[in-house]
Amino acid sequence: MKRFDQKVCIVTGGSRGIGEAIVRRLVTEGATVYATYNSNKERAEAIAQELRGNGGVVTFMQVDVSDENQVKGLIDAVVAETKRIDVLVNNAGITKDGLLMRMSEQDWDSVMDTNLKSVFFTTKSVMRQMMSQRSGRIINITSVVGITGNAGQANYTASKAGLIGFTKSVAKELASRNILVNCIAPGYIATEMTDKLTEEQRNEFLKVIPLKRPALPEEVAASVAFFVSDDASYITGQTLCVDGGMVM
Ligand code: NDP
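Residues numbered from 1 in each chain as written. Predicted model: local features only at pLDDT ≥ 70, side-chain atom pairs only at ≥ 80, totals over all residues. Heavy atoms only, no water.

Student: Residues and numbers for the nonpolar core, please.
Tutor: Within soluble globular proteins, side chains that are nonpolar generally end up buried alongside one another. Membership of the largest hydrophobic core comes to 34 residues, with the highest contact counts inside it found for Ile-22, Val-23, Leu-26, Val-33, Phe-60 and Ile-139. Residue assignment for this core shows that the elements contributing at least two residues are β1 (8–11), α1 (17–28), β2 (32–37), α2 (41–53), β3 (57–62), β4 (87–90), β5 (136–141) and α9 (217–228). Discounting residues that sit within four places of it in the chain, Phe-60 has contacts with Gly-14, Ser-15, Val-23, Ala-35, Thr-36, Tyr-37, Ala-44, Ile-47 and Ala-48. Counting 19 residues, the second largest nonpolar core, distinct from the first, contains Val-8, Val-71, Ile-75 and Ala-171. (Core = buried A, V, L, I, M, F, W, Y, C linked by side-chain atoms within 4.5 Å. Buried < 20%, exposed > 50% of the residue type's maximum accessible area, 1.4 Å probe, protein only. Helix = DSSP H or I, 4+ residues; strand = E, 2+ residues; numbered from the N terminus. Contact = heavy atoms within 4.5 Å.)

This is the structure:
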C-alpha cells in the first residue's frame with residue numbers, strides 16, 4: 001500500500017522542470033496522475049513510458065491551460081474516466097521578461113493568461129467535482145518574486161502575486177467543503193526556466209540565498225507531496241516558500 005494509492009491528481013505543465021518532478025513524485029507514491037504539456041509531446045511521452053514501465057499510472061494530455069475549452073475538455077475527460085479528482089496542481093507557467101518601459105501588451109497578456117487566468121479556468125472546472133466529494137487539495141505554484149517583486153518581471157510577478165490572492169479567496173470559499181487550497185513559492189530552482197538567466201543574474205540570486213545553492217525540482221515536489229498528504233489536513237490559504245531562506 002502506497003501513501004497516494006486511490007488519489008487522482010492533475011498536474012499542469014508536467015513535461016519538464018518542477019512539474020515533471022511533481023508528476024514523478026506523485027506517481028511513485030501510488031497516485032493516478034493526469035499531466036499536461038503544451039508542446040513538448042516527445043518529452044511527455046518519454047516520461048510517461050518510463051513511469052509506466054515501473055508500474056506507475058500516468059497519462060499525459062496536450063492542453064493549453066490558457067484556453068478554457070481545452071481545460072474543460074481535460075477535466076471532463078478525467079472525471080469521465082475516474083469519477084473523482086483529489087488533487088489539482090497548477091504548475092504550468094511561463095516568463096516573458098523585460099523592463100516595463102519596453103513590455104508589450106502581448107507579453108503582458110500571454111504571461112497573465114498562462115500563469116493566472118489558467119488557474120481560474122482549472123480551479124473553476126475541478127471545484128464542482130471536489131465539492132460533491134467534500135474533499136480536495138489545490139496546490140498553486142507561485143514564486144517568491146510574487147511576494148518580493150523583481151525588476152524586469154512586472155508581468156510575471158503580477159501573475160504570481162495574483163495567484164496568492166486567488167488562493168486565499170478560494171481557500172475561504174471552499175473550506176466548508178473540506179477543499180484545501182495552498183501555494184508553494186519556489187525561489188531559484190534549477191530548470192529550463194532558470195537556464196535562461198545570465199551568469200550575472202544567477203550570481204545575484206545566489207548572493208541572497210542563505211543556503212547558497214539553487215534547489216532541485218525534487219525539493220519543490222517534496223513540499224507538494226506534503227500538501228497532498230494527510231499531514232497537511234489543517235492547512236489552507238497558506239504560501240510555503242521553498243527558497244533556501246531567500247525570503248524570511
Ligand atoms: P519550465 O519552463 O521548465 O516548464 C514549464 C512547464 O509548463 C512545461 O511543462 C510546459 O510545457 C508547461 N507550459 C508552458 N506553457 C503552457 C501552457 N500554455 N499550457 C500548458 N502547459 C504549459 O518551468 P519550471 O519547471 O521552472 O516552472 C514551473 C512553475 O514553477 C512555473 O509556474 C514557474 O513560474 C514556477 N517557478 C519556477 C521557478 C524556477 O526557479 N524555475 C521559481 C519560482 C517559480 P511544454 O514542455 O510542453 O512547453
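Student: Tell me about the site of the ligand, and please be specific about residues and values.
Tutor: With respect to spatial proximity, 31 residues lie near the ligand, and among them Ser-15, Ser-39, Asn-91, Tyr-156 and Thr-191 are the closest. One of the backbone N or O atoms of Ile-18 is found 2.8 Å from an oxygen atom in the ligand. Residue Asn-91 places a main-chain N or O atom 2.7 Å away from an oxygen atom belonging to the ligand. The cavity that encloses the ligand is the largest pocket. Among the secondary structure elements, those contributing two or more residues to the shell around the ligand are α1, α6 (154–174) and α7 (192–195). Ranked by residues supplied to the shell around the ligand, first place goes to α7 with three residues. Taken together, the residues of the shell around the ligand break down into twelve nonpolar, 15 polar and four charged. (Near = heavy atom within 4 Å. Polar contact = N/O pair within 3.5 Å; in protein donor to acceptor, adjacent residues only side chain to side chain. 1 Å grid on protein atoms, 1.4 Å probe; cavity = no way out; pocket = protein on both sides within 12 Å on 5 of 7 lines; lining within 4 Å. Sits in = over half its atoms within 2 Å of the grid points. Nonpolar A, V, L, I, M, F, W, Y, C, P; charged D, E, K, R; others polar.)

Student: I'd like a rundown of the sheet that holds β4, residues and numbers included.
Tutor: One open sheet holds the seven strands; their spatial order is β3-β2-β1-β4-β5-β6-β7, and the pairing between them is parallel. Each edge of the sheet is formed by a strand with only one pairing partner; in this case those strands are β3 and β7 (239–242). Averaged over all neighbouring strand pairs, the angle between strand axes comes to 20°, with direction disregarded. Relative to β1, α1 is tilted by about 170°, and along the sheet it contacts β1, β2, β3, β4, β5 and β6 (179–186). Contacting β1, β4, β5 and β6, helix α4 (residues 105–133) runs over the sheet at an angle of about 175° to β4. (Pairing = 2+ DSSP bridges. Axes fitted to C-alpha atoms, helices over the stretch in contact; angles between N-to-C directions.)

Student: Let's hear about the packing of aromatic side chains: which residues, and what values?
Tutor: Across all of its chains, the model carries three aromatic pairs by this definition. On the numbers, 5.7 Å between centres and 40° between planes, the contact of Phe-120 with Phe-121 is tilted. Using a relative accessible area of 7% as the deciding quantity, one classes Phe-121 as buried. Here the aromatic rings of Tyr-188 and Phe-205 are separated by 5.4 Å at their centres, their planes lie at 40°, and the arrangement is tilted. (Phe/Tyr/Trp six-rings, centres within 6.5 Å; stacked < 30°, edge-to-face > 60°.)

Student: Hey, could you go over the state of the cysteines for me, with residue numbers and the actual values?
Tutor: One pass over the structure, following the stated rule, counts zero disulfides. Cys-183 supplies the cysteine sulfur nearest to Cys-9, a cysteine that is in no disulfide, at a spacing of 18 Å. Lacking any disulfide linkage, Cys-241 is separated from the closest cysteine sulfur, that of Cys-183, by 9.8 Å. Look at Cys-241 and you get partly exposed, because its relative accessible area is 26%. (Disulfide = S-S within 2.5 Å.)

Student: Residues and numbers for the pairing of β6, please.
Tutor: The buried fraction of β6 amounts to eight of the eight residues, a majority that puts the element mostly inside the structure. Burial along β6 is two-sided: Ile-179, Val-181, Cys-183 and Ala-185 facing one way and Leu-180, Asn-182, Ile-184 and Pro-186 facing the other are all buried. Here β6 pairs with β7 via four bridges, running parallel. Along β7, the bridge assignment pairs Cys-183 with Thr-239.

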